[in-house]
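Residue-level listing of the chains:
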Amino acid sequence: MAIPIKDIKLPEDSPKELLLDKHVEFIKRYGKSDDDYEFGMSDYLRMSGMYWGLTALELVDKLHILPENDVIDFIKRCQDPETGGISACIDHDPHLLYTLSAVQILCMYDRLDAVDASAVVNYVTSLQLPDGSFTGDKWGEVDTRFSFCAVATLALLNRLDAIDVEKAVSFVESCKNFDEGFGSRPFSESHAGMVYCCLGFLSITGRLDIVDRDTLAWWLCERQLPSGGLNGRPEKLPDVCYSWWVLSSLTMLGRLHWISAPALKRFILACQDVETGGFSDRPGDVADPYHTVFGFAALSLLGFDSIKPVNPTFCMPQHVIDKLKIKHQLL
Amino acid sequence: MGDSSSDDENAWVFYKDRPEWKDVDPVPQDDGNADIAAIRYTAKFKDVYDYFRAVLTKQEKSERALQLTKDAAELNPANYTVWQFRRDILKALNKDLYEELEYSQHIIDEHPKNYQVWHHRRVLVEWLKDASKELHLTELILNDDAKNYHAWQHRQWAIKTFNLFENELAYVDQLIQDDIRNNSAWNQRYFVINNTSGFTCEVLKSEIKYTLEKIKIAKENESAWNYLRGLLLHDKEGLSKNETVTNYCEELYSSGNRSPFLLAFLVDMCDEQVSQGGGDMRYTLERAEELCNSLANQYDKIRTKYWQYMAEKIKNKAEGKSEPSPPSDDS
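All values reported here derive from a predicted model rather than from experimental measurement.

Engineer: Is there a simple way to think about the nonpolar core in this case?
Structural biologist: Among soluble globular proteins, nonpolar side chains are generally buried collectively. Within the largest apolar cluster, 222 residues are counted, with the highest numbers of intra-cluster contacts made by Leu202(A), Leu228(B) and Trp307(B). Broken down by element, this core gets its largest block of residues, 10 residues, from helix α13 (residues 260-276) of chain B. Contact partners of Leu202(A), with chain neighbours within four places excluded, come to Val169(A), Val172(A), Phe182(A), Arg207(A), Leu208(A), Ile210(A), Val211(A) and Gln329(A).

Engineer: I keep staring at the interface of chain B and chain A and nothing clicks. Help me out?
Structural biologist: It is common to report an interface's size as the accessible area lost on association of the parts. Each side of the interface is counted separately: chain B has 60 residues, and chain A has 71 residues. Here chain B and chain A share 5 salt bridges between them. Connecting chain B to chain A are 24 residue pairs in polar contact (both at pLDDT 80 or more). Going through the elements one at a time, α3 (80-92), α5 (115-128), α7 (149-162), α9 (183-195), α11 (222-232), α13 and α15 (304-318) of chain B are the ones with two or more residues in the side of chain B that touches chain A.

Engineer: How should I be thinking about the pattern of salt bridges in this particular structure?
Structural biologist: Residues and elements named next belong to chain A. In total, this model carries 35 salt bridges over all chains according to the counting rule given. When the shortest N-O distance is used, the salt bridge between Glu 180 and Lys 176 registers 3.3 Å. When its relative accessible area of 25% is taken as the criterion, Lys 176 is described as partly exposed. In this structure, Asp 281 engages Arg 282 in a salt bridge whose closest nitrogen and oxygen atoms are separated by 3.6 Å.

Engineer: Just to check I follow, could you spell out the side chain of Ser280(A) for this structure?
Structural biologist: Relative to the helices and strands, Ser280(A) is located in the loop between α12 (261-270) and α13 (289-301). For Ser280(A), the contacting residues outside a window of four places in its chain are Val240(A), Cys271(A), Asp285(A), Val286(A), Ala287(A) and His291(A).

Engineer: Teacher, can you tell me more about the packing of helix α1 (residues 43-58) of chain B against α3(B) here?
Structural biologist: Axes are the key here: two packed helices are described by the angle between their axes and the distance separating the axes. Residues and elements named next belong to chain B. Where α1 contacts α3, the axes come no closer than 12 Å and their chain directions differ by 50°. With respect to each other, α1 and α3 are oriented oblique. As for the relative orientation of α1 and α3, their crossing is left-handed in sense. Between α1 and α3, the contacting residues are Tyr 49, Phe 52, Val 55 and Leu 56 on the first element and Thr 81, Val 82 and Phe 85 on the second. Here the residues of the contact of α1 with α3 sort into 6 nonpolar, 1 polar and no charged.

Procedures and definitions
- Residues numbered from 1 in each chain as written.
- Chains lettered and ligands numbered in written order.
- Predicted model: local features only at pLDDT ≥ 70, side-chain atom pairs only at ≥ 80, totals over all residues.
- Heavy atoms only, no water.
- Core = buried A, V, L, I, M, F, W, Y, C linked by side-chain atoms within 4.5 Å.
- Buried < 20%, exposed > 50% of the residue type's maximum accessible area, 1.4 Å probe, protein only.
- Helix = DSSP H or I, 4+ residues; strand = E, 2+ residues; numbered from the N terminus.
- Contact = heavy atoms within 4.5 Å.
- Salt bridge = Lys/Arg side-chain N within 4 Å of Asp/Glu carboxyl O.
- Polar contact = N/O pair within 3.5 Å; in protein donor to acceptor, adjacent residues only side chain to side chain.
- Axes fitted to C-alpha atoms, helices over the stretch in contact; angles between N-to-C directions.
- Parallel < 35°, antiparallel > 145°, perpendicular 65-115°, else oblique.
- Left-handed = near helix turned anticlockwise from the far one by under 90°.
- Nonpolar A, V, L, I, M, F, W, Y, C, P; charged D, E, K, R; others polar.

In structure tokens, the structure reads:
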């Protein structure tokens, strides 16, 4: 009668210790081998690729191994003089996703002076629609991810006042579902990635009061499967990136302790690639910087000593948020 | 030109070797000096994009440029600038948009989880003001992956914008019959009812009946239990006073079923009655404690901390105290 739960089994020989040095090498080397043709980063998301790699390095105190000035110079050249937005790559079109990634990197280096910050603010403001939602670029896809990107960017620049926060909140609230989770738009299925974006948004705007804390936290801890890993929706496979989206959400709600930390640790560690370094979505898959930073960040929330504390709202090192005195709400 | 986008590498002629492109100077990508998340380009990729940048810079809206955007999009369908420029050309050349609609179906079929291809489709449908093919397209995609988030988003958008609700509930029912645990389908059910009849008394009654029948088939189905909770949000009496539901749950419990979702539901019924008082003698603090204990120690051990919290929370309510504080981190 029992239908098997959709899950994986951790291989017996999966790694059980954190392979820190290998991961640092992995990030440093990423994109430089011919093998990366197939799996490597694409130019259209390079700015986010940099944010993932650099954040991972800073979380283990290795940011200095890469030349700061080259990164700053690259970001400068990605700012669009016309709109103020920042693109994934030089001469590409600006987008909110890469604007946030760039601002996050600049905060880590404490180099916000490198771009025209007020132009960035104008860009973000220009993307808000009358219903309070945000599009990702001037061509207009609406998504709660962009609501998060907008307020996170503005909060890091200390300019949350530049948009209509109240309307932005009502749009996000309209994406709340009957199971207390959030989707990308009104009535879209609840999805742990969108829950993170919406809670992050509410954390920044100080409006976590609009969620039913315990019901949502229960939905989030229902994401944990017998393998210890977390999925993003019911009946989906576990994936390291959801370790971050779910765990950071639970942390914002002050309910991190509701999941089984030892089981999740085992799952995340099993997703390390012992040969190349780096983390993959599930044991045995190809590692990439995206899953590597979220693996680190999740382990940080679980209290790994060798990884610096991470801020659950911004997915940035906590000391950066402290230094810049970025206000946000945690329950 | 006909087979210029062929996958057969042998048949591929580089743009730089094509006589009809001799008048164009390719524009190479400027990657800056930043030594992180480097990008490796294949010779073909570089060639196509060097020429794409050239026509983009010149804003050349021609047949050959249109063909070039096809090659560029197929090499990297996530490049939103390529799609935007393609649309600019389609407009400028007054192309048959139905032909483009067909092409977009082909590319969505190849890249069903790509944001940009779905966005392209949506813009075309908006231009044509014709969504007659959207239900069929999304059904094709959902046949392969019934939880594809992009397909569901597109489908909801088309249904809502063009009022295509008529047969949707039958489609949802079919999907639920195919896979009773398809959370996307349950979510769609809520979307349809909420936007058509609404949750009137009669609808609520028949939906509860429908859901309980499905739970009977698979009792550990998170989606159906969540949907049941969602339905009862529309019951003015709350979660714990609908006789059909309480009788069903009690019968199930008496029959020896210990699905964590059933027990969780009973816990919430106790929670409601303890805090609101009155009503049903079956839903007491003692019962809540007993259920939480068995969940924590036997039926849902991975979420022990949550069930301990719930037991304490309900106890505090009964004693008129505020909610419990989180335990010290001893995980």
